[in-house]
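Descriptive structure summary
If you want the building blocks of each chain, they are given just below.
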Amino acid sequence: MEFSVTENHLESYPSSCVVSGIFEETRLFPSTKKIDDISKGYISALLNHNVLNGKVAQTLLLYDIPYLPNKHIILIGCGKKSDFNENCYKKLIRKMILFCKEISILRILCCLSEFNIKGYNNYWKIRQTIEIINEELYVFNKFKKNKTKLNTTLHEIILHIPHKNELPSCKQSIKDGLSIAQGIKIAKDLGNMPPNFCTPDYLVNKVHELSNHTNVTINIIDALKMKKLGMYAYLAVGQGSSYSPTMPIIKYNGHPEGPNVAPIVFIGKGLTFDSGGISIKPSNKMDEMKYDMCGAAVVYAVMCIAIELHLPLNIIGILAISENMINHASFRPGDILTTLSGQTVEVLNTDAEGRLVLCDALTYAARYKPDVVIDIATLTGACVVALGHHFSGLMSNNEDLSNDLIIAAEQSKDYVWKLPLDDVFQKQLKSNYADMTNVGGKSGGAITAGCFLQKFTDKYNWAHLDIAGTAWISNHCDKSATGRPVALLSQYLLNRSSHNI
Ligand code: BES
Ligand code: MN
Ligand code: ZN
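Residues numbered from 1 in each chain as written. Chains lettered and ligands numbered in written order. Predicted model: local features only at pLDDT ≥ 70, side-chain atom pairs only at ≥ 80, totals over all residues. Heavy atoms only, no water.

A word on the overall build of the protein chain. In terms of helices and strands, the protein chain carries 14 helices and 19 strands. The C-alpha radius of gyration computed for the protein chain amounts to 25 Å, which stays within 12% of the reference 23 Å derived for 501 residues, consistent with globular compactness. Overall, the C-alpha framework of the protein chain stretches about 85 × 50 × 45 Å when taken along its three principal axes. In the protein chain, which comprises 501 residues, the proportion classed as buried is 58%. Of all intrachain contacts in the protein chain linking residues separated by at least 6 positions in sequence, the fraction that spans at least 24 positions is 77%. (Helix = DSSP H or I, 4+ residues; strand = E, 2+ residues; numbered from the N terminus. Rg over C-alpha atoms; globule rule 2.2 N^0.38 Å. Buried < 20%, exposed > 50% of the residue type's maximum accessible area, 1.4 Å probe, protein only. Contact = heavy atoms within 4.5 Å.)

What follows is the structure, encoded as structure tokens:
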């Protein structure tokens, strides 16, 4: 899909279908008013006959309107003018693309950004438009013999903005939006891949694909190196798998002041399959545990975006990859593991494996003297119970960092909710035999997992995103990775970038 932005009016685009809005009080968007004027009151006449009442997302296709050069017009109801807000805008864009998917048009001139929304500029609207359209056009059919093809003829979307002075920022918005949308697709595709294809080796190959970019270096910490380093918690998780655990590191240096500026480090949980290990999971929905690498997929995607947009930052992406399987060599409940930090962990449940790979990755990250470290993980079912599927769980040892993430979440509409990491939870991780256990009991499971990770993060500012509820949606036959929180983290990086240019 091609996107462009223009301040020219609809007469300049006679071969485009115009999409414009109408409010419930029958107030017209500027372009709708223009169509009404050119057609000598055609729209007003429709309204007088109550053909359209402007309720949110009501849609009407009109064609061959008198005196109008544009053959097709789509009018979309925008609800009450006083209620019109950013969420309403998103709804309209979604409705527009769903409607246009079904009809045979080549090009649209979208005028839905014309109306001002307090607190949201046209840069934001265009970015959202691109992300929503790409989301609605997404298909994953790599494994179907008969590929379901989109039957849409639409291939170009021209976005109309009212003022010329916003053209440069809106052009930038298209660039940013396309790159973020592409990143979301990369994360979704990886998440949707089955675990017999998306193996640890497969992910490492994906990482190698990035090595030909300037400013990018790849470093693979394989099992042998892990042993030498003493990453025994990380290694234990992969013991029962026929794939070796591996920790690829993608280093991107884009900061104008050079490679010595403290980096932003992302760490993604990358369990290509989580059977639970000897503490095996119930078989119902176990297929969904292929998504247990979504944290790593998101980190990979965000690195792709940073590279593509040449962000003026130093960023390191660490993919904590392993597979939690069962055989004679699997780690067991009762095992005591020595982590890279030197602290020991008594394993009480082999299904709490994410924190075991992450704790060693977090310790490893300290060597970069990072500005901040953010880990992203499908870590606990408890987080899904606590927050459902709309909010990722946020935990942090630094208020500035968590506030930055909350702001970026609000901007990108990729929401997070902060959970408390209070000392009172620490006692739930007490062990008879080791420095800690790997599970904290029934209550506050998302938080005790966060507390576990916190024990490995005292050298830097750190935030943890539990994306167990947000990384995929699952209804009976309609399952998919969502690509979340790529949008949030890209927004965080863009916000950080704006201070450096
Ligand atoms: N990958 C799971 C968490 C998960 C569960 C993600 C459901 C998405 C949906 C994680 O490795 C896990 O199994 N966690 C356990 C922890 C428990 C044993 C303390 C859980 O949540 O049940
Ligand atoms: Mn598990
Ligand atoms: Zn897991």
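Turning to the coordination of the zinc ion (ligand 3), a few remarks are in order. Summarising the metal site, the zinc ion (ligand 3) is bound by the protein donors K269 (NZ), D274 (OD), D292 (OD) and E353 (OE), whose distances to it range over 2.0 to 2.3 Å. Coordination at the zinc ion (ligand 3) is octahedral: its 6 donor atoms span angles of 78 to 173 degrees at the metal. All donors of the zinc ion (ligand 3) come from a single chain, and their spacing in sequence reads K-x4-D-x17-D-x60-E. Between the zinc ion (ligand 3) and the manganese ion (ligand 2), a separation of 3.1 Å is found, and both are coordinated by D274. Residue D292 is located in the loop between β9 (264–274) and α9 (294–308), and its partner E353 is located in the loop between β12 (344–346) and α10 (354–365); the two are separated by 61 residues in the primary sequence. Across the pair, E353 and D292 agree in class, each one buried. (Donors = N, O, S within 2.8 Å, 3.2 Å for Na, K, Ca; no water. Tetrahedral: all angles 85-135°; square planar, octahedral: opposite > 155°, others 65-115°.)

With that out of the way, let us pick up the coordination of the manganese ion (ligand 2). Here the manganese ion (ligand 2) is held by the protein donor atoms D274 (OD), D351 (O), D351 (OD) and E353 (OE), which lie 2.1 to 2.2 Å from it. For the manganese ion (ligand 2), the 6 donor atoms in the first shell make angles of 69 to 165 degrees at the metal, a pattern classed as irregular. Summarised as a motif, the one-chain spacing of the donors to the manganese ion (ligand 2) is D-x76-D-x1-E. D351 gets classed as partly exposed once you look at its relative accessible area, which sits at 21%.

Between helix α5 (residues 167–192) and helix α14 (residues 486–497), the least distance of the axes is 10 Å, while the angle of their chain directions is 140 degrees. For the element pair α5 / α14, the angle class is oblique. Helix-helix and strand crossings are classified by hand; for α5 and α14 the assignment is right-handed. Contact residues: α5 offers D176, I180, G183, I184 and A187, while α14 offers V486, A487, S490 and L494. Among the residues forming the contact of α5 with α14, the class breakdown is 6 nonpolar, 2 polar and 1 charged. (Axes fitted to C-alpha atoms, helices over the stretch in contact; angles between N-to-C directions. Parallel < 35°, antiparallel > 145°, perpendicular 65-115°, else oblique. Left-handed = near helix turned anticlockwise from the far one by under 90°. Nonpolar A, V, L, I, M, F, W, Y, C, P; charged D, E, K, R; others polar.)

For the rest of this paragraph, the subject is the domain arrangement of the protein chain. Per the domain assignment, the segments making up the protein chain are domain 1 (2–163) and domain 2 (181–497). A C-alpha centroid distance of 39 Å is found between domain 1 and domain 2. The interface is formed by 16 residues belonging to domain 1 together with 17 residues belonging to domain 2. Each partner contributes to the roughly 1,200 Å² buried at the junction of domain 1 and domain 2, and carbon and sulfur atoms together form 57% of this total. Linking domain 1 with domain 2 are 2 salt bridges, by the criterion used here. For K142, the salt bridge goes to D189, with nearest N and O atoms at 3.9 Å. At the boundary of domain 1 with domain 2, the tally comes to 6 residue pairs in polar contact (both at pLDDT 80 or more). Contributions of two or more residues to the side of domain 1 that touches domain 2 are made by α3 (86–102) and α4 (122–136). Among the elements that make up the side of domain 1 that touches domain 2, the one with the highest residue count is α4 (8 residues). (Domains from an automatic or database assignment. Buried area = accessible area lost by both parts, 1.4 Å probe. Salt bridge = Lys/Arg side-chain N within 4 Å of Asp/Glu carboxyl O. Polar contact = N/O pair within 3.5 Å; in protein donor to acceptor, adjacent residues only side chain to side chain.)

Here the structure, examined in full by the defined rule, presents 15 aromatic pairs. Ring centres 6.4 Å apart and planes at 50 degrees place the aromatic pair Y89 and W124 in the tilted group. Within this pair, whereas Y89 is found in helix α3, its partner W124 is found in helix α4, the two being separated by 35 residues in sequence. When sorted by exposure, Y89 lands in the same class as W124, which is buried. Connected via pairs of aromatic rings, a cluster forms that spans F23, F29, F84 and F115. (Phe/Tyr/Trp six-rings, centres within 6.5 Å; stacked < 30°, edge-to-face > 60°.)

Volume-wise, the largest pocket comes out at about 1,300 Å³. What lines the largest pocket is a set of 46 residues, and nearest its centre among them are K188, I473, S480, A481 and T482. Of all the elements in the fold, those that place two or more residues in the lining of the largest pocket are α3, α4, α5, β18 (472–474), β19 (479–481) and α14. Here the lining of the largest pocket gets 5 residues from one element, more than from any other, and that element is α4. For the lining of the largest pocket, the residue count by class is 16 nonpolar, 14 polar and 16 charged. (1 Å grid on protein atoms, 1.4 Å probe; cavity = no way out; pocket = protein on both sides within 12 Å on 5 of 7 lines; lining within 4 Å. Points joined across faces, edges and corners; volume = space filled by probe spheres on them.)

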